[in-house]
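Here are the chains, one letter per residue:
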Protein chains: 2
Amino acid sequence: MRFYDRLIDESAPGALQAVPATTNVPASEYPRVYADGRVTFRVHFPAAKSVRLEGGQGLCSGPVSLAQDGAGYWTVTLPPTVMGFHYYWFNVDGMLVNDPGSQTFFGYSKQTSGIEIPDPQLISSDLVTAPVIPFYAPHPGPQGALHEHWYHSQLTGNWRRCFVYTPPGYFGVDHAAARYPVLYLQHGAGEDETGWSRQGGINFIMDNVILGNVSSFFATAAGTAKAKEMIVVMDNGYATYAAPRPEQPDPSEAYLRPDSKAFGAVLTGELIPFIDRTYRTVANRDGRAIAGLSMGGSQAMAVALTHLDQFSYIGTFSGSQFSTARGAQAAAAASMPPFSPKTSYGGVFAGADEFNSKVRLLWMGAGTAELALNEALRENAEKLRSARIRLTEYHSPGTAHEWQTWRLCLNKFAPLLFQESRIDR
Amino acid sequence: MRFYDRLIDESAPGALQAVPATTNVPASEYPRVYADGRVTFRVHFPAAKSVRLEGGQGLCSGPVSLAQDGAGYWTVTLPPTVMGFHYYWFNVDGMLVNDPGSQTFFGYSKQTSGIEIPDPQLISSDLVTAPVIPFYAPHPGPQGALHEHWYHSQLTGNWRRCFVYTPPGYFGVDHAAARYPVLYLQHGAGEDETGWSRQGGINFIMDNVILGNVSSFFATAAGTAKAKEMIVVMDNGYATYAAPRPEQPDPSEAYLRPDSKAFGAVLTGELIPFIDRTYRTVANRDGRAIAGLSMGGSQAMAVALTHLDQFSYIGTFSGSQFSTARGAQAAAAASMPPFSPKTSYGGVFAGADEFNSKVRLLWMGAGTAELALNEALRENAEKLRSARIRLTEYHSPGTAHEWQTWRLCLNKFAPLLFQESRIDR
């Protein structure tokens, strides 16, 4: 996406009432966002009989009808909308189509329109010179970088792509001998390895939290501690074995979906070695964390809890790994037993002292507007604490099963990583 | 895009007649490509009255109607189609929509469906183990990498993104002191800085040509000389000045479109310094080339010919910088005078000896199926040779104003770069 250079200032003389969303393609005037968070969508579908807007929880809770103006333009203005990134699309006479005026993002297992709604506190601020910078937007300081790699997986039999974030300074001559810890960070179901960079703003989130840009706007982010310099690796969470599959199953398989059965084996057997020989990493469990959102959170738990020799830090953002009272029926349908600290994940939580000595951080977050997952998080965190498991719990106020929750989770999670680990320089 | 792991083999027992295109989103069965280059498109648009396929020159020369099957599925099979990457979309009752089954690519100033048609010689080959690898596909050797950077431009007043390719070995400890020459490489009109990586396959083209993977398939690429290790930088070609604009105009402005007037100033004043301080570059004209496709080719000429103190190598792929006899009317309409070696670009070609001593490579390519541009190339190359300007001319057989032409141009152009320059190690 692009970024606002000057934001909406409705109070300024002659100011625009609304400006094109930063997620629009260049020169596209719609959708437009207002200073108060309203959004106007407008498309030219002259032959359509009905056009409805559908999309993420924070944008609209159900389909919203657009009105036609007689010249083939369909328009709707939503009331003030939850800030952050929302997927959306139009239902045109039963056909789901993207907005030609917006960028697309990989979600719902296909390319899908997306819109970024800025924080109200950002309105009238100047991203370039003002001290108020969203924690997921570019900043005037030194920049980290994103790297794209392709690697061939023997386990899956195909080419896979991963993205790697390196922090500011990684390529500086004064850091030529520095080694960095690594966070493996996964996307959600229906998304891919581009999610954290395109929807999430991973490089800006990490830059800001590493540089300690704590003036970065907005109460829940302000005051965040500075994170250690680290590498972040984002792989594709879908992976199935090519024939013949390895004789020895990876222990993570029992906790992975059919379409990601090979993910733990690929991550630990192929991706980590590739990263460790390509980047200057701290190549041991002291310097390795794993986290993910939604499906990716469940995968992080599945892989880390069955490979504690390889990971010391674990994070799950809106992860669905725990069945809860409310979710018991769904869990049963998925043949997942209710969460129990005694038996789940092979009983890894049963020995609290051993677990607490090995796992330096078990971090669980969710948004309060994703009701079932948030309730599951509270219930199961309580269960774990009763079993004397040390963990950190976070509830992002008012955010749903959407990227704003996961941006905030990462912003809170990252500063807690690798604080105890020795980093060789 | 993904890549074929096993390709279509219609002769194999029980073989599929066709396989999903590599450019499909995961699990999407359509479009499907046949071994002979035929393609079947199929979409579910139940409320549509008419559905037509439209797209790039190599895919279909005009709209092609799809037939409905009574259950809302619309299908068409195209006869054997030109290999390479083609943009396409559907016209549904006058509304232009993308194929939900395909990835999208930035073209035509918005997100647009794209399909990759493999070379007939690739059919039945095995990309992983077979020696036959397309020169724009991944290979079993060491991999280069792509890097994404954001930088703030004072000249335009906004954040800009660029992509950087580094060759295999760049990050190896044995190369820690190596410096690399840099090719600045631009996209075409309606595209952006993602074009060369997503549509073009820049990293695979460069890897293969640097590693000397001359077994890389297909006559026009086989036998290509090995290229020097180099960095490639891909920026956005659109750039206009923020107010107040600099008092001193950049000399390139006279030859740039209104929507890219600031491009030369940004490239030479902001991007090159950013790259030179971020990467281990040969930071002088001996180690600097510029090239581009279509609009980007014109921009490469505009910037290089007005900044010969900064560039020694120039390439234009299907560039429209030259008006020709056939194009004279269009050129006049664009107030561009007919090309003349005596007067064009401020008369830089008038002093052939000086030009030839400064410019180590002037390279011009086009596809023979893009008739007007190809003719313009022949005419103007002849004019330049008559004026004793040294140049290299390339005509890609049978390819149109599409990415296959530009992939081939890069494959031919890259090995000629920096062969004379001293690279400090």
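Residues numbered from 1 in each chain as written. Chains lettered and ligands numbered in written order. Predicted model: local features only at pLDDT ≥ 70, side-chain atom pairs only at ≥ 80, totals over all residues. Heavy atoms only, no water.

At the interface, 39 residues of chain B touch 40 residues of chain A. For the pair chain B and chain A, the summed buried area comes to about 3,500 Å², and 62% of that belongs to carbon and sulfur atoms. For the chain B face of the interface with chain A, the top three residues by lost area are Met95(B), Trp150(B) and Trp159(B), together amounting to 20%. Where chain B touches chain A, the interface holds zero salt bridges. Linking chain B with chain A are six residue pairs in polar contact (both at pLDDT 80 or more), by the criterion used here. Examining the composition of the side of chain B that touches chain A, we find that seven residues originate from one element, strand S12 (residues 145-153) of chain B, more than from any other. (Contact = heavy atoms within 4.5 Å. Buried area = accessible area lost by both parts, 1.4 Å probe. Salt bridge = Lys/Arg side-chain N within 4 Å of Asp/Glu carboxyl O. Polar contact = N/O pair within 3.5 Å; in protein donor to acceptor, adjacent residues only side chain to side chain. Helix = DSSP H or I, 4+ residues; strand = E, 2+ residues; numbered from the N terminus.)

The next thing to look at is the packing of aromatic side chains. Each pair of aromatic rings is reported with the distance of its centres and the angle of its planes. With the rule as written, the count across this model stands at 53 aromatic pairs over all chains. Ring geometry for Tyr170(A) and Tyr279(A): centres 5.9 Å apart, planes at 55°, overall tilted. Placement of the pair is Tyr170(A) in the loop between strand S13 (158-166) and strand S14 (182-186) and Tyr279(A) in the loop between helix H3 (263-278) and strand S16 (288-293), with a sequence separation of 109 residues. Look at Phe204(A) and Trp150(B): their rings are 5.8 Å apart centre to centre, the planes differ by 65°, and that puts the pair in the edge-to-face class. Within this pair, whereas Phe204(A) is found in helix H2 (residues 202-211), its partner Trp150(B) is found in strand S12, the two belonging to separate chains. The same class applies to Phe204(A) as to Trp150(B), namely buried. Here the aromatic cluster, defined as three or more aromatic residues joined through ring pairs, consists of Tyr170(A), Phe171(A), Tyr180(A), Tyr279(A), Tyr170(B), Phe171(B), Tyr180(B) and Tyr279(B). One residue, Arg32(A), lies across the ring of Tyr30(A), its end atom 5.7 Å from the ring centre. Across the ring face of Tyr73(A), the terminal group of Arg42(A) is positioned such that the distance to the ring centre comes to 4.5 Å. (Phe/Tyr/Trp six-rings, centres within 6.5 Å; stacked < 30°, edge-to-face > 60°. Buried < 20%, exposed > 50% of the residue type's maximum accessible area, 1.4 Å probe, protein only. Lys NZ or Arg CZ within 6 Å of the ring centre and 35° of its normal.)

Our next topic: the packing of H2(A) against helix H9 (residues 403-413) of chain A. Residues and elements named next belong to chain A. Following both chains from N to C, one finds H2 and H9 inclined at 30°, their axes separated by 10 Å at the closest point. Classified by the interaxial angle, the pair formed by H2 and H9 is roughly parallel. Relative to H9, H2 is oriented so that their crossing is right-handed. Residues Ile-202, Ile-205, Met-206 and Val-209 of H2 pack against Arg-407, Leu-410 and Asn-411 of H9. (Axes fitted to C-alpha atoms, helices over the stretch in contact; angles between N-to-C directions. Parallel < 35°, antiparallel > 145°, perpendicular 65-115°, else oblique. Left-handed = near helix turned anticlockwise from the far one by under 90°.)

Residue and element names in this part refer to chain A. Looking at chain A, pLDDT values average 87 and 85% of them are 70 or higher. Long-range and interchain partners of residues 5-9, a stretch whose pLDDT sits below 50, account for 21 contacts in this model, where long-range means more than four residues apart. In the predicted structure, residues 323-328 sits below a pLDDT of 50 and forms 13 contacts with residues beyond four places in sequence or in another chain. Here the predicted complex scores 0.91 on pTM and 0.87 on ipTM. (pLDDT = per-residue confidence, 0-100.)

Further remarks concern the environment of Thr281(B). Residues and elements named next belong to chain B. Within the secondary structure, Thr-281 is located in the loop between helix H3 (263-278) and strand S16 (288-293). Taking the C-alpha atoms as reference points, Thr-281 and Ser-396, separated by 115 residues in sequence, lie 31 Å from one another. Residues within four places of Thr-281 in sequence aside, it is in contact with Arg-179, Tyr-180, Val-182, Ile-231, Ile-275 and Asp-276.

Attention now goes to helix H4 (residues 295-305) of chain B. Counting buried residues along H4(B), eleven of its eleven residues qualify, which places the element largely inside the surrounding structure. Listed as buried for H4(B) are Met295(B), Gly296(B), Gly297(B), Ser298(B), Gln299(B), Ala300(B), Met301(B), Ala302(B), Val303(B), Ala304(B) and Leu305(B).

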